[in-house]
Amino acid sequence: MKTIVITTLVCMIALAGVFPSASAQAASGATPVANLTSAQGLASEGDNTPLEPLRFVVGHHPPYSNQEQTGIIDRVLIETFKRAGIPLTLRKAPLGRAGNLVNSGVEDGCGPRIAEFSAHFPNLVRVEEPAITFEMVAYTKQPDIRDFAGDNQAGYTVGHVFGAIMLDQIVKGYSKTTVKLRNPRQVLQLLEQDRIDIAIAERWTGLEILKSLGLKNVRMLPTPLERKPAYFYLHRDYAHLAPRIARALRSVKADGTYAKIMNQSLSALQTGL
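In this text, all values refer to a predicted model and were calculated from it rather than measured experimentally. (Residues numbered from 1 in each chain as written. Predicted model: local features only at pLDDT ≥ 70, side-chain atom pairs only at ≥ 80, totals over all residues. Heavy atoms only, no water.)

Enquirer: Tell me about the side chain of Glu129, and name the residues and values.
Expert: Among the structural elements, Glu129 can be located in the loop between strand S4 (124-126) and strand S5 (132-140). In this structure the side chain of Glu129 is engaged in a polar contact, spanning 2.8 Å, whose partner is the side chain of Lys253. Here Glu129 is in contact with Tyr231, Ala246, Leu249, Arg250 and Lys253, once residues within four sequence places are set aside. (Helix = DSSP H or I, 4+ residues; strand = E, 2+ residues; numbered from the N terminus. Polar contact = N/O pair within 3.5 Å; in protein donor to acceptor, adjacent residues only side chain to side chain. Contact = heavy atoms within 4.5 Å.)

Enquirer: I'd like to hear about unusual backbone geometry, residue by residue, with values.
Expert: Cis geometry marks the peptide bond from Pro62 to Pro63, where omega comes out at 10 degrees. Tracing the sequence through the fold places Pro63 in the loop between strand S1 (54-58) and helix H4 (72-84). Even without being glycine, Gln69 reaches a positive phi, approximately 60 degrees. In this structure Gln69 comes out as partly exposed when scored by relative accessible area, which is 32%. Although it is not a glycine, Asp194 adopts a positive phi angle of roughly 65 degrees. By secondary structure assignment, the location of Asp194 is in the loop between helix H7 (184-192) and strand S8 (198-202). (Buried < 20%, exposed > 50% of the residue type's maximum accessible area, 1.4 Å probe, protein only.)

Enquirer: So what's going on with empty space enclosed by the protein? Residues and values would help.
Expert: Any empty space left between atoms is shown by rolling a water-sized probe over those atoms. Taken as a whole and judged by the stated rule, the model has one cavity of 30 Å³ or more. Its boundaries defined by the atoms lining it, the largest cavity holds a volume of some 300 Å³. Along the walls of the largest cavity sit 22 residues, with His60, Leu95, Met136, Val161 and Ala164 positioned nearest its centre. Breaking the lining of the largest cavity down by element, the ones donating at least two residues are strand S3 (109-114), S5, helix H6 (165-170) and S8. Grouping the constituent residues of the lining of the largest cavity by class yields 14 nonpolar, five polar and three charged. (1 Å grid on protein atoms, 1.4 Å probe; cavity = no way out; pocket = protein on both sides within 12 Å on 5 of 7 lines; lining within 4 Å. Points joined across faces, edges and corners; volume = space filled by probe spheres on them. Nonpolar A, V, L, I, M, F, W, Y, C, P; charged D, E, K, R; others polar.)

Enquirer: I'd like a rundown of the packing of aromatic side chains, residues and numbers included.
Expert: Within a pair of aromatic rings, the relevant descriptors are the distance that separates the centres and the angle that separates the planes. One pass over the structure, following the stated rule, counts five aromatic pairs. Taking the centre distance of 6.0 Å and the plane angle of 75 degrees together, the rings of Phe56 and Phe81 count as edge-to-face. Of this pair, Phe56 sits in strand S1 while Phe81 sits in helix H4; the two residues are 25 residues apart in sequence, bridging distant segments of the chain. An aromatic cluster of three or more residues is present, and its members are Phe56, Phe81 and Phe232. Taking NZ or CZ as reference, Arg126 lies 5.4 Å from the ring centre of Tyr231, over its face. (Phe/Tyr/Trp six-rings, centres within 6.5 Å; stacked < 30°, edge-to-face > 60°. Lys NZ or Arg CZ within 6 Å of the ring centre and 35° of its normal.)

Enquirer: Any details on helix H10 (residues 257-270)? Residues and values, ideally.
Expert: Under the 1.5 Å per step criterion, the end-to-end length of H10 is 19 Å for 14 residues, consistent within 8% with the ideal 20 Å. Considering bend angle alone, the principal kink of H10 is centred on Gln264 and spans about 30 degrees. Those residues of H10 that fall on the buried side of the exposure criterion are Tyr258, Ile261, Met262, Ser265, Leu266 and Leu269. (Expected span 1.5 Å × (residues − 1). Bend = angle between axes of the 7 residues up to and from the residue.)

Enquirer: So what's going on with the environment of Val137? Residues and values would help.
Expert: Mapped onto the secondary structure, Val137 falls in strand S5. For the pair Val137 and Leu225, spaced 88 residues apart in sequence, the C-alpha separation works out to 5.3 Å. Not counting residues within four places of it along the chain, the set of residues in contact with Val137 comprises Ala199, Ile200, Ala201, Arg203, Met220, Pro224 and Leu225.

Enquirer: Requested: an account of the pattern of salt bridges, with residues and values cited.
Expert: Taken as a whole, this structure holds 11 salt bridges when the rule is applied. With a shortest N-O distance of 3.4 Å, Arg250 and Glu129 are connected by a salt bridge. Here Arg250, found in helix H9 (residues 242-254), pairs with Glu129, found in the loop between S4 and S5; they are 121 residues apart in sequence, far enough to count as distant. Judged by relative accessible area, Glu129 falls into the buried class, the value being 13%. Because the salt bridges share partners, they merge into one network encompassing Glu79, Arg83 and Asp255. (Salt bridge = Lys/Arg side-chain N within 4 Å of Asp/Glu carboxyl O.)

Enquirer: A description of the packing of H4 against H9 should follow, citing residues and the corresponding values.
Expert: Helix-helix packing is described using two parameters, namely the angle between the two axes and the distance between the axes. Between H4 and H9, whose axes approach to 8 Å, the crossing angle comes to 115 degrees. In the crossing of H4 with H9, the sense of the turn from one axis to the other is right-handed. Counting all contacts with H4, which are made through Val76, Glu79, Thr80, Phe81, Arg83 and Ala84, the residues of H9 involved are Arg244, Ile245, Ala248, Leu249, Ser251 and Val252. (Axes fitted to C-alpha atoms, helices over the stretch in contact; angles between N-to-C directions. Left-handed = near helix turned anticlockwise from the far one by under 90°.)

Enquirer: An account of the packing of H4 against H10 is requested, with residue identities and associated values reported.
Expert: Contact geometry for H4 and H10: axes closest at 10 Å, N-to-C directions at 160 degrees. For the element pair H4 / H10, the angle class is roughly antiparallel. For the pair H4 and H10, the sense of crossing is right-handed. Here Ile72, Arg75, Val76, Glu79 and Arg83 of H4 lie close against H10, whose contacting residues are Thr257, Tyr258, Ile261, Met262, Gln264, Ser265 and Leu266. (Parallel < 35°, antiparallel > 145°, perpendicular 65-115°, else oblique.)

Enquirer: Pulling in residues and values, what's your account of the environment of Leu210?
Expert: Inspection of the secondary structure assignment puts Leu210 in helix H8 (residues 203-213). For Leu210, a relative accessible area of 11% corresponds to the buried category. Expressed as a C-alpha distance, the spacing of Leu210 and Leu269, which sit 59 residues apart in the sequence, is 9.9 Å. Apart from residues lying up to four places away in sequence, Leu210 is in contact with Tyr139, Leu188, Leu215 and Val218.

See below:
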């Protein structure tokens with residue numbers, strides 16, 4: 001009888017060490033896995049779900065991303081990862097730094113960026129479902145500039161953001177001056193000050209800036225310069241999660257949630273176009 005009692009006490013002590021009480025967890029500052037799973041709406045898929053949130057960095061500007069995390073990309077990311085059952089944290093970083101942060105392992109994911117993006121970062125894995133389609137356009141103040149494509153580029157001073165591969169491709173081999181700045185707001189302000197002839201920016205980002213700054217003399221040229229799909233990227237340590245995220249993103253599109261997010265975010269900018 002003594003042997004049975006002693007053995008039972010030893011087992012209880014061992015179990016207490018493996019499964020600490022809720023009060024002990026609270027005292028240590030740890031979040032119980034059960035509570036985290038419930039709060040994040042995680043869907044179990046083998047042992048592939050990371051317990052710690054994936055650190056995802058977004059470098060885009062409104063209407064795609066903002067500090068409140070209510071931009072198009074913010075909302076699509078949050079909904080996609082929720083459906084995939086993967087915990088997520090978002091933070092902002094300059095567009096030109098995001099790839100390096102993920103490639104070095106400081107962050108776990110970034111995007112959306114175009115397909116050519118991964119060629120510059122060997123540790124990145126693409127989620128094979130387009131997250132968005134970016135449309136690059138030209139803005140100007142000069143009434144005599146009616147188009148900006150091919151040979152019509154010659155002789156103008158052009159500005160665009162640093163670190164955007166798609167924009168570098170558009171002005172590749174440009175014969176005069178190209179000015180690169182940290183964000184599209186600075187580019188359009190430079191245009192307003194007549195320090196450049198053409199500003200190249202993503203269509204909706206540019207319109208958001210024109211509206212917020214009240215730039216009445218700047219107009220968008222009608223012909224898009226380039227349209228390309230863009231994708232989310234993960235560090236290769238999380239490559240096994242890419243198909244799961246792609247399936248979740250497809251479901252966000254399939255049930256109309258994606259279109260609803262787009263319409264809600266862009267409706268104000270579409271007024272008067």
